[in-house]
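One-letter residues, chain by chain:
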Amino acid sequence: MLNNVAIGGAGQYTAPYNMELFVALSLFRRRKYEACAAACTELLRKSPLDQAVWVLKMRALTLQVYVDDIEAEEEGLAETLLDNDTIAAMPRPGTSLRHPGTTMPGQGFRPRTQSGRPLTGVVRPATQSALDSSQGLEQTLRTPRTAATARPLTASSGRSVRLGTASMLTEPGGPFIQLSRLNISKYAAQPAIAKALFEYIYYHEHDPRYALDLAVQATQACQYKDWWWKVQLGKCYYVLGLVRDAEQQFRSALRDFKTIELVLRLVRVYIKLDQPLAALELCKKGLESFANDVSILTEMARIFEGTNNVAMSIKYYKMIAHEDASNSEAIASIGLHHFYNDQPEIALRYYRRLLQMGVCNAELFNNLGLCCFYAQHYDFTVSCFERALSLATDESVADVWYNISHIAICLGDWIMASECLKLAIDADNRHAPSYNNLGVIEMKNGNVTSARIYFHAAASIAHYIYEPHFNSSYLAYNTGDLQTSYISVQKALNAYPSHQDSQELLRKLQQYFTFM
């Protein structure tokens, strides 16, 4: 740490300057990074080329924007469609995260933790964000930020005056560092400065290309012996989409020095490449070095859940809960599992545990309301849903109204159910399950035209769910439109091949289209 101040010579410091520097260091240690950066700015006005203050300000600015970037990130639509690793043949069962349906023969299983209904009451980083648009969410996910690799400021014995260049100067109203004027090769040869400079460029300036250039030259300067720089190279390659190059760097670093961070980053690479079996194998090897580590167990549980291996996923979530009794993701996932196995009383205990831990959001109260209803605690159901609506955001309010409509349907109140579904559509006009259920209600009321419109709307929004296709086929069959019924039931079976009612309806229709 920059503790010592050299005194003497042509560049000697005065006592007030020493005190101001001490104050800046004190602010940094107390994590008051904004105040520390302001104090460093004042010091740089007095001594613009003081490299130590320059590094201190870099670290303060960098730490202001640090967020863990090891957590899962969501792929954008362009990445999903254009990724060379995605455009491939249908994988074998249980070997793909992008095609989890290859593990189970249809849609007859519980929804996933982060997107299913009832909602889990806890959201993982990168699954639901407070950002206003999906574009802002994707931009945030593509911006790497982490504090895991933070390095303390280095100190030399009897700190000497280290002078910077013109690229270090703070321009009024301009950037702190002019990257275009920065002599990368000069600072790459100075490890104490290079690491802080890399993190500033990578996290604060969000410029992985400049950061990659610095990392390459710094790796050459240390003769490829510093595992830390290999990790930084892998991070830059990963952000730039060079996943295979990132894998090579992470593996090389892992051979030199084993850390949990390296294991998790390499797991992220395999998830990006849609290789869950390789990721699981790496996690198992990681557990040999870091026994019962919660972060590695969490990765394994998520991968099993992504491949629809619910039994193994719950097994690892229970191991996580045994190691860390306050892990909200594990508690919510186990509660969801018990709910979909007709054990609402047990699920209620887990969700109450989340409430006791201080979790307070719409998803949790929505789940509590459903669990109370199915556990026949009707006096708490209404209050839970009222609280869920008061806490609901724009993304979750439609789901809350949808679940309230489900309660109304179970009670036989079709009018209330219809109004709740319309409120869900008003909150999210692309909420396919609400359109489907509205169609069912209209069909029960004898409004065939309205029901057909709702079914078609649901099918066009979410063609991957079978209910709208089957309902549309059933409605067309009852009205005598056999051709439309035949086409729709085939779409339903494509989405869910094991649906018994669709298979039975198809057999009836084949009698009319089979020529003797």
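Below is a short write-up of the structure. Bear in mind that the values here come from a model prediction, so they are computed numbers and not experimental data.

**Remarks on the overall build of the protein**
Step number 1: The helix and strand inventory of the protein stands at 25 helices and zero strands.
Step number 2: In the protein, which comprises 516 residues, the proportion classed as buried is 47%.
Step number 3: Contacts spanning at least 24 positions in sequence make up 58% of the contacts within the protein whose residues lie at least 6 apart.
Step number 4: Summing over all exposed atoms, the protein offers an accessible surface of approximately 25,500 Å²; the carbon and sulfur share of this is 53%.

**Here we look at the nonpolar core**
Step number 1: W54, M58, I177, L197 and F198 are the most contacted members of the largest nonpolar core, which has 80 residues in total.
Step number 2: Broken down by element, this core gets its largest block of residues, nine residues, from helix α7 (residues 191-204).
Step number 3: Counting residues in hydrophobic clusters, the runner-up holds 27 residues, among them L336, F339, F373 and I407.

**Some words on helix α2 (residues 33-46)**
Step number 1: In this model α2 runs 20 Å from its N-terminal to its C-terminal C-alpha over 14 residues, within 8% of the 20 Å that 1.5 Å per residue would give.
Step number 2: Every buried residue of α2 is accounted for by Y33, C36, A37, A39, C40, T41, L43 and L44.

**A short note on the pattern of salt bridges**
Step number 1: In the structure shown here, the tally under the stated rule is twelve salt bridges.
Step number 2: For E247, the salt bridge is made with R244, and the minimal N-O distance between the two is 2.9 Å. With E247 and R244 both in helix α10 (residues 243-256), this residue pair falls three residues apart, about one helical turn.
Step number 3: Linking E261 and R265 is a salt bridge whose minimum nitrogen-to-oxygen distance equals 2.8 Å. Of this pair, E261 and R265 both sit in helix α11 (residues 260-272), separated by four residues, roughly a single helical turn. When sorted by exposure, E261 lands in the same class as R265, which is buried.

**Structural notes on helix α25 (residues 500-513)**
Two residues of an α-helix separated by three or four positions point the same way, owing to the 3.6 residues in each turn.
Step number 1: The end-to-end C-alpha separation of α25 is 20 Å, in line with the 20 Å expected for 14 residues at 1.5 Å each.
Step number 2: As for α25, its buried residues are in contact with α23 (467-478) and α24 (482-495).

**What to know about unusual backbone geometry**
With the exception of glycine, the majority of residues adopt a negative phi angle, and the majority of peptide bonds are in the trans configuration.
Step number 1: In this structure, Q223 takes a positive phi of about 60 degrees despite not being glycine.
Step number 2: With respect to the helices, strands and loops of the structure, Q223 is situated in the loop between α8 (208-221) and α9 (227-239).
Step number 3: Positioned with a positive phi, N292 is a non-glycine residue whose angle comes to about 55 degrees.
Step number 4: Looking at where N292 falls in the secondary structure, it is placed in the loop between α12 (276-289) and α13 (294-306).
Step number 5: Classification of N292 as partly exposed rests on a relative accessible area of 39%.

**A few points about the state of the cysteines**
Step number 1: Under the criterion given, the structure shown has zero disulfides.
Step number 2: Not part of a disulfide, C36 finds its nearest cysteine sulfur in C40, a span of 4.2 Å.
Step number 3: A relative accessible area of 0% means that C36 is categorised as buried.

**Observations regarding the environment of A24**
Step number 1: Note that A24 resides in helix α1 (residues 15-29).
Step number 2: The spacing of A24 and A35 is eleven residues in sequence and 7.9 Å in space, taken between C-alpha atoms.
Step number 3: Leave out the neighbours within four places in its chain, and A24 touches C36, A39, C40, L43 and L56.

**Brief notes about the packing of aromatic side chains**
Step number 1: According to the stated counting rule, one finds 17 aromatic pairs in the structure shown.
Step number 2: Ring geometry for W54 against Y187: centres 5.7 Å apart, planes inclined by 40 degrees, an arrangement best described as tilted. Here W54, found in helix α3 (residues 51-63), pairs with Y187, found in helix α6 (residues 184-188); they are 133 residues apart in sequence, far enough to count as distant.
Step number 3: The exposure class assigned to W54 is buried, which follows from its relative accessible area of 1%.

**A short note on the packing of helix α15 (residues 328-339) against helix α16 (residues 344-356)**
Step number 1: Running from N to C, α15 and α16 point in directions that differ by 160 degrees, and their axes come no closer than 7 Å. Our classification of the angle between α15 and α16 gives roughly antiparallel. When the axes of α15 and α16 are compared, the crossing they make is left-handed. Contacts from S328, I331, A332, I334, G335, L336, H338 and F339 of α15 reach α16 at P344, I346, A347, Y350, Y351, R353 and L354.
Step number 2: The class makeup of the residues in the contact of α15 with α16 is eleven nonpolar, three polar and one charged.

**A short note on the side chain of E247**
Step number 1: E247 sits in the buried class, given a relative accessible area of 13%.
Step number 2: For E247, the contacting residues outside a window of four places in its chain are L266, V269, Y270 and L273.

**Thoughts on a nonpolar patch on the surface**
Step number 1: A grouping of M19, F22 and V23 is seen on the molecular surface, where their side chains present a nonpolar patch of about 300 Å² in accessible area.
Step number 2: Topologically, V23 is positioned in helix α1.

Cut-off values and rules
Residues numbered from 1 in each chain as written. Predicted model: local features only at pLDDT ≥ 70, side-chain atom pairs only at ≥ 80, totals over all residues. Heavy atoms only, no water. Helix = DSSP H or I, 4+ residues; strand = E, 2+ residues; numbered from the N terminus. Buried < 20%, exposed > 50% of the residue type's maximum accessible area, 1.4 Å probe, protein only. Contact = heavy atoms within 4.5 Å. Areas by Shrake-Rupley, 256 points an atom, 1.4 Å probe, with all protein chains shown as cover. Core = buried A, V, L, I, M, F, W, Y, C linked by side-chain atoms within 4.5 Å. Expected span 1.5 Å × (residues − 1). Salt bridge = Lys/Arg side-chain N within 4 Å of Asp/Glu carboxyl O. Disulfide = S-S within 2.5 Å. Phe/Tyr/Trp six-rings, centres within 6.5 Å; stacked < 30°, edge-to-face > 60°. Axes fitted to C-alpha atoms, helices over the stretch in contact; angles between N-to-C directions. Parallel < 35°, antiparallel > 145°, perpendicular 65-115°, else oblique. Left-handed = near helix turned anticlockwise from the far one by under 90°. Nonpolar A, V, L, I, M, F, W, Y, C, P; charged D, E, K, R; others polar. Patch = residues over 30% accessible without salt bridge, like charges linked within 9 Å, V, L, I, M, F, W, Y side chains within 5 Å.

Structural measurements only, silent on function.
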